[in-house]
Amino acid sequence: MRKVYSSLNLSQGRQIVLTALATGRDANLAPLTVAVLDVGGHVVCLEREDGSGIMRADIAIAKAWGALGMGMSSREIGDRLQDKPTFLGALASASQGRFGPVPGGVLVCNDKDEVIGAVGISGDVSDQDEFCAIEGIKAAGLVPDPE
């Protein structure tokens, strides 16, 4: 049997999750859900803290998946599409609901500035979700976009 290559490995994913959750605890944030996706949009890691709502996993995945699909952070997507509700609706439909155009979906890049995955976090206000994602990515020795 051959080994399947992943752009973002489990060890990196676990480090991102652990640091993102610890950052949230240190800041006394609401319970978080963290989704780490590889460049193909497949879940590498997903953790939901006790008390995090049942929709949070879907929202976290949507933030990360949308970032991968558009090649930019979920914050940037939301900013760019504020005045384009028709296109925003079309993207939501085309992605079958896996699209969250609010902060919290952050691209993961390697040292060659290549996108290798994305992190999506949901649970607190979107700016805090994004901050925890960025800290997790940095702790794994990778580069977040946005930094």
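Residues numbered from 1 in each chain as written. Predicted model: local features only at pLDDT ≥ 70, side-chain atom pairs only at ≥ 80, totals over all residues. Heavy atoms only, no water.

Enquirer: Please provide a residue-by-residue account of the sheet that holds strand β4 (residues 115-122), values included.
Expert: Across the sheet, which stays open at both edges, the five strands sit in the order β2-β1-β4-β3-β5 with antiparallel pairing between neighbours. For this open sheet the edge positions go to β2 (43-48) and β5 (143-145), each flanked by a neighbour on one side alone. Each neighbouring strand pair of the sheet contributes to a mean axis angle of 20°, computed without reference to strand direction. (Pairing = 2+ DSSP bridges. Helix = DSSP H or I, 4+ residues; strand = E, 2+ residues; numbered from the N terminus. Axes fitted to C-alpha atoms, helices over the stretch in contact; angles between N-to-C directions.)

Enquirer: Before we move on, could you go through the pairing of strand β3 (residues 105-109) and cite the residues and values that matter?
Expert: A large share of β3 lies buried, amounting to five of its five residues. The alternating pattern of β3 places Gly-105, Leu-107 and Cys-109 on one face and Val-106 and Val-108 on the opposite face, and all of these are buried. For β3 and β4, the ladder comprises five bridges, and the chain directions are antiparallel. Residue pairing in the sheet places Val-106 in a bridge with Val-119 of β4. With antiparallel pairing between neighbouring strands as the criterion, β3 and β4 make up a hairpin whose turn holds five residues, including Asp-113 at a positive phi of roughly 65°. The pairing of β3 with β5 spans three bridges and is antiparallel. Bridge pairing links Cys-109 to Val-143 in β5. (Buried < 20%, exposed > 50% of the residue type's maximum accessible area, 1.4 Å probe, protein only.)

Enquirer: How would you summarise helix α1 (residues 10-26) if you had to cite specific residues and measurements?
Expert: Helix length check: α1 (17 residues) gives 24 Å between terminal C-alpha atoms against 24 Å at 1.5 Å per residue, within 8%. Among the residues of α1, Gln-12, Gly-13, Ile-16, Val-17, Thr-19, Ala-20, Leu-21, Thr-23 and Gly-24 are the ones counted as buried. Where α1 is buried, its residues contact β1 (33-38), β2, β4 and α5 (126-139). Taking the backbone nitrogen of Ser-11 as reference, a side-chain oxygen 3.1 Å away marks Asn-9 as the first, capping residue of α1. Looking at the residues trailing α1, positive phi occurs at Asn-28, about 55°. (Expected span 1.5 Å × (residues − 1). Contact = heavy atoms within 4.5 Å. Polar contact = N/O pair within 3.5 Å; in protein donor to acceptor, adjacent residues only side chain to side chain.)

Enquirer: Describe the packing of α1 against α5, naming the residues involved and giving the relevant values.
Expert: It is the contact of α1 with α5, at a shortest axis distance of 7 Å, that shows an interaxial angle of 135°. Classified by the interaxial angle, the pair formed by α1 and α5 is oblique. In the crossing of α1 with α5, the sense of the turn from one axis to the other is right-handed. Here α1 contributes Gln-15, Ile-16, Thr-19, Ala-20, Thr-23 and Gly-24 to the contact with α5, which in turn contributes Phe-131, Cys-132, Glu-135, Gly-136, Ile-137 and Ala-139. Of the residues contributing to the contact of α1 with α5, the split by class is six nonpolar, five polar and one charged. (Parallel < 35°, antiparallel > 145°, perpendicular 65-115°, else oblique. Left-handed = near helix turned anticlockwise from the far one by under 90°. Nonpolar A, V, L, I, M, F, W, Y, C, P; charged D, E, K, R; others polar.)

Enquirer: Give a description of the nonpolar core that names residues and reports values.
Expert: Ranked by internal contacts, the top residues of the largest apolar core, which has 22 residues, are Val-34, Val-36, Val-108, Val-119, Ile-121, Ile-137 and Leu-142. Secondary-structure elements contributing two or more residues to this core are α1, β1, β2, β3, β4 and α5. Counting residues in each nonpolar core, the second largest holds six residues, with Ala-64, Ala-67, Leu-68 and Leu-107 among its members. (Core = buried A, V, L, I, M, F, W, Y, C linked by side-chain atoms within 4.5 Å.)

Enquirer: Help me get a handle on the pairing of β1, residues and values and all.
Expert: Within β1, six of the six residues are buried, leaving the element largely enclosed by the surrounding structure. By the alternation rule, side chains of β1 split into Thr-33, Ala-35 and Leu-37 and Val-34, Val-36 and Asp-38, which are all buried. Sheet topology note: the β1/β2 ladder contains five bridges and is antiparallel. Paired with Leu-37 across the bridge in β2 is Val-43. Counting the residues that bridge the hairpin from β1 to β2 gives four residues, and of these Gly-41 lies at a positive phi of roughly 85°. Bridging between β1 and β4 involves six bridges; their strand directions are antiparallel. Bridge pairing in β4 links Leu-37 to Ala-118.

The values reported here are purely geometric and, on their own, carry no functional implication.
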